[in-house]
Amino acid sequence: MTLRGAVALYARISQDRSGDELAVTRQLEDCRAEAERRGWTVADEYVDDDVSAYSGKARPAYERMLRDIEDGLRDAVIVWHMDRLHRRPIELEQFVATCTRANVSDVVTLHGDYDLGKGDGLFMARLMAAMAANESDSKRRRLKRKAVETAEAGKPKSGGPRPYGFRSDFVTHEPAEVAYFHEAAERVLAGESLQSVVRWLDASGAHTAKGNQWTPSKLRALLLAPRYWGMRTHHGQIVAKATWEPIITPEQGERLRLLLTDPSRGTHRAPRRYLLSGLLKCSKCGGTLYSAPKSGVRGYACMKGAELRGCGGTYIYAAKLEAFIAHAVLIRLDSPHLVDAMVSTAERSEVAAIGDAIVADTAQMEDLMKLWADRAMSTEEWKLARDRLEARVQANRRTLTRLTEHDAIENYLGQGEALREQWEGLNLSRQAAIVKAVLDHIVILPVVHRGRAGLDPERVAPQWRL
Ligand SMILES: [Zn+2]
């Protein structure tokens, strides 16, 4: 292990990718934990916020970090994911050039390390940047002609389902829904939980714009949408002041954003207190066990009910089970068997080949786009060719994901003993990541020895990934 005494942490919040949006604080926490695990000292944390930057372009913290690297003040970089660091391949090249000049080769992400001093590290970094850039480039091109203009003029987009609170022209207010919106926003700002506001909406017979029931996550998304305080967004970024009447003030919008994106609040998801959430299966029915405390003592249960398809026949207390599993996982990480089962060299070359194929296919897609733009091919022809390429790229990405899943374990391999000492200090999501790296799921068997105190290990059947 190389000791690093002046490490840079970088985090960026972006609403571009709604799927795996991670609060910036979470990114930082994970990066700090990574630094701690490696025994590295963090010199500075650099944070950019794409959301509030009106232009959506400037990244002052990133620029500052580059200058510090350039000045020889930093000796390694930890970033949550490569796509937080770079949005365009050219940025990666600048970054690599700066790091090379400053002799910084350790770039750590929580999804794998890139040793920029070595060929394959640089290759993977480039591949990630190319894939991320292609995604946003093709989106930009597709929408460029009309959509961007419309967005930048602050006009509503046309087509698609109408937003809550507005009629189908996307501009005229729907008074009944606006009233609900106001009250929901006020309640949340006053400290009421999303869950509780949803219960109130249900009881009042209020529905979403599509006529569905409200859920906390739907309500959260609604209250976070800048359209309600009069901002036009494009790809999740605010691009202009909207032409329509806002429903709440920008100040209220900003307060909602601060409140709802505060990770310590933990309202859009129950605070994760259960290490094995989603990992336990009932031996009787095969259903997933859910967290279900009994008189204040944490436990997991197979539950039956409206949307829960379990049998209700299995219950196990959490604390001793979690300690047992953590112990087993850490031993597993040090087992020679696991080392043998790790990514073979054959798989490594497959990863490289798939990476090449993805790069080639996306390049071809760009060529097609140019032909189409030059009217050298019809829209129909273009769609046909594009769909085939896209399908292949998708399939290759899935394979790549499968093959590189092992990378998560690689970070922990042989570290069981060291991790055991830090275990209590790691946050739950970190612990869960380690458990999930080696465990697929755990089957919980019925009680055999009734009345026995503590955990009966015979009830626990771990199914290892490797
Ligand atoms: Zn069951």
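Residues numbered from 1 in each chain as written. Predicted model: local features only at pLDDT ≥ 70, side-chain atom pairs only at ≥ 80, totals over all residues. Heavy atoms only, no water.

Some thoughts on helix α6 (residues 175-189)
For clarity, the cut-off: Note on conventions: DSSP H or I runs of at least 4 residues are helices, E runs of at least 2 residues are strands, and numbering of each starts at the N terminus. Multiplying 1.5 Å by the residue count of a helix minus one yields the expected span of that helix. The cut-offs for exposure are 20% and 50% of the maximum accessible area for each residue type, with area from a 1.4 Å probe on protein chains only; residues under the lower value are buried, those over the upper are exposed, and the others partly exposed. The reported arc concerns the directions from the helix axis to the C-beta atoms and nothing else. Whether two residues are in contact is decided by their heavy atoms: any pair within 4.5 Å suffices.
If you check α6, its first and last C-alpha atoms are 21 Å apart, about what 15 residues at 1.5 Å a residue would give, namely 21 Å. For α6, the complete set of buried residues consists of Glu-177, Val-178, Phe-181, Ala-184, Ala-185 and Val-188. Axial view of α6: buried residues confined to an arc of 125°, hence all on one face. Projecting away from the buried face of α6 at angles above 90 degrees are the exposed residues Pro-175 and Ala-176. Summarising the contacts, the buried residues of α6 are in contact with α7 (194-203), α8 (216-224) and α9 (250-260).

What to know about the coordination of the zinc ion
Operational definition: Counted as donors are the N, O and S atoms within 2.8 Å of the metal, or 3.2 Å for Na, K and Ca, while water is not among the atoms, so some sites may look incomplete. In this scheme the shape depends on donor count and angles: four donors with every angle between 85 and 135 degrees give tetrahedral, four or six donors with opposite pairs above 155 degrees and others between 65 and 115 give square planar or octahedral in turn, and any other case is irregular.
At the metal site, the zinc ion is ligated by Cys-282 (SG), Cys-285 (SG), Cys-302 (SG) and Cys-311 (SG), and these contacts range over 2.2 to 2.4 Å. Given four donor atoms and angles of 97 to 115° at the metal, the environment of the zinc ion is assigned as tetrahedral. We note that the donor set of the zinc ion lies within a single chain, spaced as C-x2-C-x16-C-x8-C. Its relative accessible area of 35% is what places Cys-285 among the partly exposed residues.

Structural notes on the sheet that holds strand β11 (residues 315-317)
Using the following cut-off: In this analysis, strands are considered paired if DSSP registers two or more bridges between them. Where helices are involved, their axes are fitted lines through C-alpha atoms of the stretch in contact, as for all axes, and angles between N-to-C directions lie from 0 to 180°.
Here we have three strands laid out as an open sheet, ordered β9-β10-β11, and antiparallel in their pairing. Bordering the open sheet on either side are β9 (289-291) and β11, each of which pairs with just one other strand. Adjacent strand axes in the sheet meet at a mean angle of 25°, parallel and antiparallel pairs treated alike. In the sheet, β9 pairs with strand β10 (residues 299-302) via three bridges, with the strands oriented antiparallel.

Here's the deal with the pattern of salt bridges
Note the cut-off: The rule for a salt bridge is simple: a side-chain nitrogen of Lys or Arg has to be within 4 Å of a carboxyl oxygen of Asp or Glu.
Evaluation of the coordinates by the stated rule reveals 13 salt bridges. As a salt-bridge pair, Arg-298 and Glu-322 come within 2.7 Å of each other at their nearest N and O atoms. With a gap of 24 residues between them, Arg-298 in the loop between β9 and β10 and Glu-322 in helix α10 (residues 318-333) connect regions that are remote in the sequence. There is no split in this pair, since Arg-298 and Glu-322 are both buried. With its nearest N and O atoms 2.8 Å apart, the salt bridge here joins Asp-361 to Arg-392. Taken together, the residues Asp-361 in helix α12 (residues 345-373) and Arg-392 in helix α13 (residues 379-404) connect sequence positions 31 residues apart. One continuous salt-bridge network, built from bridges that share partners, spans Glu-34, Arg-37 and Arg-38.

The values are spatial; any link to function lies outside them.
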